[in-house]
Amino acid sequence: MSSDSHTWNLTFLQFLLEEMGHRVTNLGACVPDALLLAECRRIEPDLIVISSVNGHGHQDGLRVIPALRACPELRRTPTVIGGKLGIAGAEDPDRERALLAAGFDAVFEDGASTAGFHAFVGGLRAKVLL
């Protein structure tokens with residue numbers, strides 16, 4: 001996300017996905033929306049993972065998902081968001097519903113176990129963009 005400068009969460013996710021057998025392209029912290037879109041178009045990943053720890057993930061996610069879904073080549077690409085998505089606490093059902101309605105395929109709130117993420121990713125092919 002463009003507003004999120006934290007890198008440990010990205011490193012953790014990269015290692016987790018690689019441990020599951022996936023190839024990962026980690027774009028790093030503070031990724032501008034235009035760069036995210038360009039790299040997604042270039043790589044054509046099997047999964048896009050968006051992560052946030054600064055509490056602005058909900059806002060950033062609602063801004064970026066329409067742009068991803070507007071690209072014909074990315075319209076059906078599974079796209080998930082997770083981490084600290086808001087500043088008012090985790091597991092806000094309205095926040096999750098809004099992100100899903102906007103176009104995310106799954107939402108993984110901060111504090112949840114990785115089991116749901118493992119289950120979601122388990123059936124995907126091995127090219128993942130983070």
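Residues numbered from 1 in each chain as written. Predicted model: local features only at pLDDT ≥ 70, side-chain atom pairs only at ≥ 80, totals over all residues. Heavy atoms only, no water.

*Asks:* What's the story with the overall build of the protein chain in this structure? I'm lost.
*Replies:* Per the secondary structure count, the protein chain includes 5 helices and 5 strands. Ordered by position from the N terminus, the helices and strands of the protein chain form the series α-β-α-β-α-β-α-β-α-β. When each of the 130 residues of the protein chain is scored for burial, the buried share is 44%. For the protein chain, the accessible surface area stands at approximately 6,500 Å², while carbon and sulfur atoms represent 54% of it. (Helix = DSSP H or I, 4+ residues; strand = E, 2+ residues; numbered from the N terminus. Buried < 20%, exposed > 50% of the residue type's maximum accessible area, 1.4 Å probe, protein only. Areas by Shrake-Rupley, 256 points an atom, 1.4 Å probe, with all protein chains shown as cover.)

*Asks:* Explain the packing of aromatic side chains to me, please; I cannot follow it from the model alone.
*Replies:* Two aromatic rings are characterised by how far apart their centres lie and by the angle between their planes. Under the definition given, this model contains 2 aromatic pairs. On the numbers, 6.2 Å between centres and 70° between planes, the contact of phenylalanine 108 with phenylalanine 120 is edge-to-face. In this pair, phenylalanine 108 sits in strand β4 (residues 106-109) while phenylalanine 120 sits in helix α5 (residues 115-121), placing the two residues 12 residues apart along the sequence. Looking at phenylalanine 120, the relative accessible area reads 27%, which means it is partly exposed. One aromatic cluster in this structure is built from Phe108, Phe117 and Phe120. (Phe/Tyr/Trp six-rings, centres within 6.5 Å; stacked < 30°, edge-to-face > 60°.)

*Asks:* Help me understand helix α1 (residues 8-19) in this model?
*Replies:* Structural remark: α-helix, 3.6 residues per turn; residues separated by three or four positions point the same way. With 12 residues, α1 extends 16 Å between its outermost C-alpha atoms, agreeing within 8% with the 16 Å of an ideal straight helix rising 1.5 Å per residue. Within α1, burial applies to Asn9, Leu10, Leu13, Gln14, Leu16 and Leu17. The buried residues of α1 occupy an angular sector of 165° when the element is viewed end-on, so they sit on one face. What points out from α1, more than 90 degrees from its buried face, is the exposed set Trp8 and Glu19. Within two residues after α1, glycine 21 carries a phi angle of roughly 95°, on the positive side. (Expected span 1.5 Å × (residues − 1). Arc of directions from axis to C-beta.)

*Asks:* Looking at this structure, I do not really get the pattern of salt bridges. What am I missing?
*Replies:* Side-chain pairing between opposite charges can occur once the charged atoms of the two side chains come close. Taken as a whole, this structure holds 7 salt bridges when the rule is applied. The partner of arginine 69 in a salt bridge is aspartate 105, with the nearest N and O atoms 2.8 Å apart. With a gap of 36 residues between them, arginine 69 in helix α3 (residues 57-70) and aspartate 105 in the loop between α4 (93-102) and β4 connect regions that are remote in the sequence. With a relative accessible area of 40%, aspartate 105 lands in the partly exposed category. (Salt bridge = Lys/Arg side-chain N within 4 Å of Asp/Glu carboxyl O.)

*Asks:* Any chance you could explain the environment of glutamate 73 here in plain terms?
*Replies:* If you trace the backbone, glutamate 73 turns up in the loop between α3 and β3 (79-83). On the basis of relative accessible area, glutamate 73 is assigned to the partly exposed category, the value being 38%. Side-chain polar atoms of glutamate 73 contact the side chain of arginine 41, separated by 3.1 Å. (Polar contact = N/O pair within 3.5 Å; in protein donor to acceptor, adjacent residues only side chain to side chain.)

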